[in-house]
Structures are given as structure tokens and as C-alpha cells.
Amino acid sequence: MTQKRVPTTERVNSLIKIAKVYLGTVEKSGAILWMGTATTVGGVATFYLTDDGLETGNAVFANVFSIQVTAEKDTADYAAVPFVGIKSLSFDKKTLSVNVVSC
């Protein structure tokens, strides 16, 4: 007979890591970390920061504290190095546009 080990609530909670966000030395409470991917079209990648990932969805953020973007190298052209920069964040915090170029 094989015994199954079921983790206790305490064990599961001890594995959960909480990200702390600081502005200088002041901890920001209620911070949300969001990650996503998008395909570049005409040198621009567009992200919808909404509850359903669509342009018509409800905004996830009331305020945006920080934005970091990175690009993945195109597998079709190994010599190209991608560079990215934030193009715009809409006033309603729902649409993030990122410029992407390869050199």
C-alpha cells in the first residue's frame, strides 16, 4: 500500500512568496505584478492590461508604478538584436504600446 503525502496548509503557505515593492525606502502596499506577451506588428507590440486581455475589458490597474519591457530574439534572424522602448500607456491604463526594433 502506497501512502500519499498531502501538504498541510502551513506548508503550502510557507512556500508562497510575496513580492515587496519599494519607492525609495517606502514600501508600496497592494502592488500587482503583471506579465504578458505580444507579437510585434509594424514595430509595435500592444498589450491590453485588462481582466480579459482584450481591448474592451476592464482595466486591471488604477495606477501604474513601473513598466519593464524586454524583447525575444527573432529565431528567423539570429544576427538581429532586439531593442524595446515604451511607446505609450493609455490614459485609462488599459493599453500599453511598446516599440520594438532589431539591429
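**Q** Even after reading the chapter, I still don't get the layout of surface pockets, so can you show me in this structure?
**A** A probe as big as a water molecule, rolled over the atoms, marks out the empty space that is left. Of the pockets and cavities examined, the largest pocket occupies roughly 1200 Å³. Looking at the largest pocket, it is lined by 39 residues, and the ones nearest its centre are Trp34, Met35, Ile67, Gln68 and Val69. Elements with a contribution of two residues or more to the lining of the largest pocket: strand 4 (44-48), strand 5 (82-89) and strand 6 (95-102). It is strand 6 that provides the largest number of residues to the lining of the largest pocket, a total of five residues. Residues of the lining of the largest pocket, tallied by class, amount to 23 nonpolar, 12 polar and four charged.

**Q** I tried to follow a nonpolar patch on the surface on my own but got confused; where do I start?
**A** Together, Val81, Phe83 and Val101 make up a nonpolar patch on the protein surface, roughly 260 Å² of accessible area in all. Residue placement: Val101 occurs in strand 6.

**Q** Is there a simple way to explain the sheet that holds strand 6 in this structure?
**A** Sheet strands line up and pair through hydrogen bonds in the backbone, either parallel or antiparallel. Spatially, 3-4-6-5 is the arrangement adopted by the four strands of the open sheet, whose pairing is antiparallel. Both outer strands of the open sheet, strand 3 (40-41) and strand 5, are each paired with one neighbouring strand and no more.

Reading the values: the criteria
Residues numbered from 1 in each chain as written. Predicted model: local features only at pLDDT ≥ 70, side-chain atom pairs only at ≥ 80, totals over all residues. Heavy atoms only, no water. 1 Å grid on protein atoms, 1.4 Å probe; cavity = no way out; pocket = protein on both sides within 12 Å on 5 of 7 lines; lining within 4 Å. Points joined across faces, edges and corners; volume = space filled by probe spheres on them. Helix = DSSP H or I, 4+ residues; strand = E, 2+ residues; numbered from the N terminus. Nonpolar A, V, L, I, M, F, W, Y, C, P; charged D, E, K, R; others polar. Patch = residues over 30% accessible without salt bridge, like charges linked within 9 Å, V, L, I, M, F, W, Y side chains within 5 Å. Areas by Shrake-Rupley, 256 points an atom, 1.4 Å probe, with all protein chains shown as cover. Salt bridge = Lys/Arg side-chain N within 4 Å of Asp/Glu carboxyl O. Pairing = 2+ DSSP bridges.

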